[in-house]
Amino acid sequence: MYRRSGVCIKPVQESRPGSWGGRNAPCTDDRSLSGFIIPVKAVSDVEYEPPYLYPDYRSTELRAPRHEPVRLPDEWFHNAPGPIFGRIPVRPEDADLTRQHRGEPLGERIIITGRVLDSDGQPVRNTLVEVWQANAAGRYLDPVDHHDAPLDPNFTGAGRCLTDDAGFYRFVTVKPGAYPWRNHLNAWRPAHVHFSLFGPSLSSRVVTQMYFPGDPLIPLDPMMSSISDPRGRELLIARLDLDTTVPEWALGYRWDIVLRGRRATPAEA
Ligand SMILES: [Fe+2]
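Colleague: Pulling in residues and values, what's your account of the coordination of the iron ion?
Modeller: Every protein donor of the iron ion is accounted for by Tyr140 (OH), Tyr179 (OH), His192 (NE2) and His194 (NE2), and the metal-donor separations fall at 1.9 to 2.2 Å. Around the iron ion, the 4 donor atoms are arranged such that angles at the metal cover 90 to 158 degrees; this shape is classified as irregular. Residue classification places Tyr140 among the buried residues on the basis of a relative accessible area of 16%.

Colleague: Which residues make up the nonpolar core, and what are the values?
Modeller: Within the largest apolar cluster, 40 residues are counted, with the highest numbers of intra-cluster contacts made by Ile112, Val129, Tyr169, Phe171, Phe195, Phe212 and Trp255. The set of elements that each furnish at least two residues to this core consists of strand 5 (109–117), strand 6 (128–132), strand 8 (168–174), strand 11 (192–197), strand 12 (206–211) and helix 2 (222–225). Non-local contacts of Phe212, meaning those with residues more than four positions away in its chain, are made with Ile110, Ile112, Lys175, Pro176, Ala191, His192, Val193, Ile218, Ile237 and Tyr253.

Colleague: Lay out the environment of Asp165 in plain terms, naming residues and giving numbers.
Modeller: Looking at the secondary structure, you find Asp165 in the loop between strand 7 (158–162) and strand 8. Considering only alpha carbons, one finds Asp165 and Pro123, 42 residues apart in sequence, at a separation of 7.4 Å. Ignoring anything within four residues of it in the chain, the contact list for Asp165 reads Pro123 and Arg125.

Colleague: So what's going on with the pairing of strand 5? Residues and values would help.
Modeller: With 7 of 9 residues buried, strand 5 is to be regarded as a mostly interior element. Strand direction decides the pairing type here: strand 5 and strand 14 (residues 251–254), joined by 4 bridges, are parallel. Looking across to strand 14, one finds that Ile111 is bridged to Gly252. Inspection of the sheet shows strand 5 paired to strand 15 (residues 257–258) by 2 bridges, in the parallel sense. By the bridge assignment for strand 15, Leu117 is matched with Val258.

Colleague: So what about the packing of aromatic side chains? Which residues, and what values?
Modeller: Evaluated as defined, the whole model comprises 7 aromatic pairs. A ring pair is formed by Tyr169 and Phe171, whose centres lie 5.9 Å apart and whose planes are at 45 degrees; its orientation type is tilted. Comparing Tyr169 with Phe171 shows no difference in burial state: the two are buried. Ring centres 4.9 Å apart and planes at 70 degrees place the aromatic pair Phe195 and Trp255 in the edge-to-face group. Note that Phe195 is positioned in strand 11 and Trp255 in the loop between strand 14 and strand 15, a separation of 60 residues in sequence. With respect to class, Phe195 is no different from Trp255; both count as buried. Among the aromatic side chains, those forming a connected cluster through ring pairs are Tyr169, Phe171, Phe195 and Trp255. Positioned above the aromatic ring of Trp181 is the side chain of Arg189, whose terminal nitrogen or guanidinium carbon lies 5.5 Å from the ring centre.

Colleague: Explain the sheet that holds strand 6 to me, using residue names and the numbers behind them.
Modeller: Across the sheet, 4 strands lie side by side as 7-6-11-12; this open sheet has antiparallel pairing. The open sheet has two edge strands, strand 7 and strand 12, and neither has a second partner. Here the strands of the sheet are splayed against their neighbours by 25 degrees on average, with no regard to which way each runs. Bridge analysis of strand 6 against strand 7 gives 5 bridges, and the strand direction is antiparallel. For Val129, the partnering residue across the bridge sits in strand 7 and is Cys161.

Criteria and cut-off values
- Residues numbered from 1 in each chain as written.
- Predicted model: local features only at pLDDT ≥ 70, side-chain atom pairs only at ≥ 80, totals over all residues.
- Heavy atoms only, no water.
- Donors = N, O, S within 2.8 Å, 3.2 Å for Na, K, Ca; no water.
- Tetrahedral: all angles 85-135°; square planar, octahedral: opposite > 155°, others 65-115°.
- Buried < 20%, exposed > 50% of the residue type's maximum accessible area, 1.4 Å probe, protein only.
- Core = buried A, V, L, I, M, F, W, Y, C linked by side-chain atoms within 4.5 Å.
- Helix = DSSP H or I, 4+ residues; strand = E, 2+ residues; numbered from the N terminus.
- Contact = heavy atoms within 4.5 Å.
- Pairing = 2+ DSSP bridges.
- Phe/Tyr/Trp six-rings, centres within 6.5 Å; stacked < 30°, edge-to-face > 60°.
- Lys NZ or Arg CZ within 6 Å of the ring centre and 35° of its normal.
- Axes fitted to C-alpha atoms, helices over the stretch in contact; angles between N-to-C directions.

Printed below as a string of structure tokens:
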């Protein structure tokens, strides 16, 4: 066991090929920190995960576990098949966030694409990728978003698709704006897109965020800073990709996502 970012962390057994133990296996050893019960994380499985409690990111104080974790029977949850599609089938047009209304949304049209990979570099096929984001002005279509920025009647900010046989996903959208979030005085989130991915089972679901290269707000962001290793933070930043860019139409960004293993894409803190 060792300590990272003030949080006790205990390695757990590596997941076996062909099985899916999930990114954060159930914890068996906890330590208290400022009254919190801090579940240990499976760092042998995931190298760059942020801690559950990171005081500079204030929301973590509200959701960091305060009770000892409950270990669920292995056969009850961890092997439940995924992904979950809901009652409405995934349609090709769900992946184009600029075509969901009568007109086109305002902002810079972009393409985001990449591969979803397993720990051995193999593509994760036919898995559900969901995204949600603010509009170009930095405003979510969400009643709890009170940012004084305009809504866009032509932009909902949500999409989904299934990965293809090579593990590729692809979205067309507009570049989201930065927005204030009251974490601390003059706190602004870097432009980002939220991602949710399902692997082959429910316990492998990953919820994370993708950022844009060169954003000056990234070094100031406590969510990013909660990932102590700069290599982990880099894994969340897409790269401008001219092969994805469509001339005269939209810039393209490439962002690959690794679901598990030591190079797994970090999840949200
Ligand atoms: Fe956000």
